[in-house]
Amino acid sequence: MTIEVTTLDAETDADEWNRYVERSDGTNPFFRAEALQLQAEDTGSTAHLLAGFKGQEAVGLFPVFEYRKGPITGAFSPAPHSWSCYLGPSLLNVNKLKQRKADRRTKRFLEGCLEWIDREISPLYTKFVAAEFDDVRPFIWNGYDVEPGYTYVVDLEGSEDELLKRFSSDARSNVRNADEDAYVIEEGTNGDVERIVEQVANRYESQGKSFKLSPEFARAVHEQLPDGSIRPYVCRVDDEFLGGILVVDSERTRYRWQGGVKPDTGIDLPINDLLDWHVMRDGLRDGVETYDLVGAGVPSINRYKAKFNPRLETHYQITSGAFGLDLLVDRYQKHR
């Protein structure tokens, strides 16, 4: 039986799409219909919710954003410069299949999606970032360029003490020796979401770097996604906000989405070590399997992340089209 690729509507078919999202192991809250709508609005693009079916059985999801501006036509997942968490394709109901059938199903689903994209969008440039999706061969076979990217992942297993013992000596010391009466770490409010994003934006600005995640978008996903999907972990001293981390929470994985900026307060407190420890400890208590530190490609940051004894995992950047067109997209984004 062939696999039929069709589109679902982000509004009228939201419940159906979200049921498939919840059943797929390779998704996160940014796959949800309401999050896709917010990403489209924030980036001036159009969300297409591609779903593959074998008969009545859903076999794959692929949210794709169509971007049109002047001479530019692009297809993206995630949306162009949205700073959202991983998207790209995701599969359903493949774990029960033998390898040959799984390979065939993956190939047919992806080729059906790529045919739809070529036919309906005809992009001059395409860029997808696929994580928790290992079989990128169909993209290569269809002429796409595939480059690896890297992230650090901490396995949340064993007892809390065993997890802490796997940290570097300085990280263990920072967690164990911090005066618990001197600070509070808690899940904050929607206003704290904005504080975390603004703190990150200020750090990027001080380094002369561009940062396009708007506080309004971050607050909107925190408000509109199901409770617990976006968790603003914050550290306060004497009720004053010092720093925080925005955590994206799925059933199996917590993602360190934004935050972790070292504040210039003069207070002698390892704020980020404590924040990351609380995120991991709470995830372990809730039965979450992994903590994705979201990125292992920046040497200046890797040293900090590596002290939690993570393992290196690969994701993929998949592109097609005119070289440098993504820079033109970036230029249009800045002036839209």
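Predicted model only: the values in this text are computed from it and were never measured. (Residues numbered from 1 in each chain as written. Predicted model: local features only at pLDDT ≥ 70, side-chain atom pairs only at ≥ 80, totals over all residues. Heavy atoms only, no water.)

A.B. asks: When you look at the packing of helix α6 (residues 169-177) against helix α9 (residues 271-285) in this model, what are you seeing that I'm missing?
C.D. replies: Two quantities define a packed helix pair, namely the angle between the axes and the distance from one axis to the other. Where α6 contacts α9, the two axes come as close as 9 Å, and the packing angle between them is 85°. Judged on the interaxial angle alone, α9 and α6 are roughly perpendicular. Between α6 and α9, the residues in contact are Ala171, Asn174 and Val175 and Asp273, Leu274 and Trp277, respectively. In terms of residue class, the contact of α6 with α9 is built from four nonpolar, one polar and one charged. (Axes fitted to C-alpha atoms, helices over the stretch in contact; angles between N-to-C directions. Helix = DSSP H or I, 4+ residues; strand = E, 2+ residues; numbered from the N terminus. Parallel < 35°, antiparallel > 145°, perpendicular 65-115°, else oblique. Contact = heavy atoms within 4.5 Å. Nonpolar A, V, L, I, M, F, W, Y, C, P; charged D, E, K, R; others polar.)

A.B. asks: What is the right way to look at a positive patch on the surface in this model?
C.D. replies: Taken together, the side chains of Lys54, Lys98, Arg100, Lys101, Arg104 and Arg108 make up a positively charged region of the molecular surface. Here the element with the most residues in the positive patch is helix α3 (residues 99-120); it accounts for four residues. Structurally, the position occupied by arginine 100 is in helix α3. (Patch = residues over 30% accessible without salt bridge, like charges linked within 9 Å, V, L, I, M, F, W, Y side chains within 5 Å. Areas by Shrake-Rupley, 256 points an atom, 1.4 Å probe, with all protein chains shown as cover. Salt bridge = Lys/Arg side-chain N within 4 Å of Asp/Glu carboxyl O. Lys, Arg positive; Asp, Glu negative; His and termini not counted. Charge placed at Lys NZ, Arg CZ, Asp CG, Glu CD.)

A.B. asks: Help me understand the pattern of salt bridges, please; the structure alone is not making it clear to me.
C.D. replies: Pairing of side chains with opposite charge becomes possible as their charged atoms draw close. Across all of its chains, the model carries 25 salt bridges by this definition. With a shortest N-O distance of 3.1 Å, arginine 254 and aspartate 249 are connected by a salt bridge. Neither residue differs from the other here; arginine 254 and aspartate 249 are each classed as buried. Among the charged side chains, a network of salt bridges with common partners joins Glu186, Asp192, Arg195 and Arg236. (Buried < 20%, exposed > 50% of the residue type's maximum accessible area, 1.4 Å probe, protein only.)

A.B. asks: I tried to follow the environment of glycine 149 on my own but got confused; where do I start?
C.D. replies: Within the element layout of this structure, glycine 149 appears in strand β7 (residues 145-155). Classification of glycine 149 by relative accessible area gives buried; the value is 15%. Taking the C-alpha atoms as reference, glycine 149 lies 30 Å from asparagine 174; in sequence the two are 25 residues apart. Sequence-distant contacts of glycine 149, defined by excluding residues within four places in its chain, comprise Glu313, Thr314 and His315.

A.B. asks: Explain the pairing of β7 here, please?
C.D. replies: Side-chain direction in a regular strand flips from residue to residue, so the side chains alternate between the two faces of the sheet. Bridge analysis of β7 against strand β13 (residues 311-321) gives nine bridges, and the strand direction is antiparallel. Residue glycine 149 lies in a different strand from β13, and its bridge partner there is histidine 315. Here β7 runs beside strand β12 (residues 290-292); their pairing, made up of three bridges, is antiparallel. In the strand pairing of β12, valine 154 is matched with tyrosine 291. (Pairing = 2+ DSSP bridges.)

A.B. asks: How should the packing of helix α7 (residues 190-206) against helix α8 (residues 215-224) be read in this particular structure?
C.D. replies: Across the interface, α7 lies against α8 with an axial gap of 9 Å and an inter-helix angle of 145°. Note that α7 runs across α8; the crossing there is right-handed. In this structure, α7 uses Asn190, Gly191, Val193, Glu194, Val197 and Glu198 to contact α8, whose residues at the interface are Pro215, Ala218, Arg219, His222 and Glu223. A class-by-class count of the residues in the contact of α7 with α8 yields four nonpolar, three polar and four charged. (Left-handed = near helix turned anticlockwise from the far one by under 90°.)

A.B. asks: Would you explain the environment of serine 210 in this entry?
C.D. replies: Structurally, serine 210 can be placed in the loop between α7 and α8. For serine 210, a relative accessible area of 39% translates into the label partly exposed.

A.B. asks: What is the right way to read empty space enclosed by the protein from this model?
C.D. replies: In this structure the tally under the stated criterion is one cavity of 30 Å³ or more. Approximately 30 Å³ is the volume attributed to the largest cavity. Gly26, Asn28, Phe31, Tyr86, Leu87, Ala131, Glu132 and Tyr255 together form the lining of the largest cavity. Broken down by class, the residue content of the lining of the largest cavity amounts to five nonpolar, two polar and one charged. (1 Å grid on protein atoms, 1.4 Å probe; cavity = no way out; pocket = protein on both sides within 12 Å on 5 of 7 lines; lining within 4 Å. Points joined across faces, edges and corners; volume = space filled by probe spheres on them.)

A.B. asks: Got a minute to help me understand the environment of phenylalanine 76 in this structure?
C.D. replies: Structurally, the position occupied by phenylalanine 76 is in strand β4 (residues 72-77). Distance in space between the C-alpha atoms of phenylalanine 76 and tyrosine 125 is 8.5 Å, their sequence separation being 49 residues.

A.B. asks: I keep staring at the nonpolar core and nothing clicks. Help me out?
C.D. replies: One broad trend across soluble globular proteins is that nonpolar side chains are buried collectively. Counting 44 residues, the largest nonpolar core has Trp17, Phe30, Val221, Ile230, Leu246 and Trp257 as its most contacted members. With five residues, the single largest contributor to this core is helix α2 (residues 33-43). In terms of nonpolar packing, the next biggest core, distinct from the first, is built from 31 residues, Ala171, Ile271, Leu275 and Leu284 among them. (Core = buried A, V, L, I, M, F, W, Y, C linked by side-chain atoms within 4.5 Å.)

Treat this as a map of the structure, not an account of what it does.
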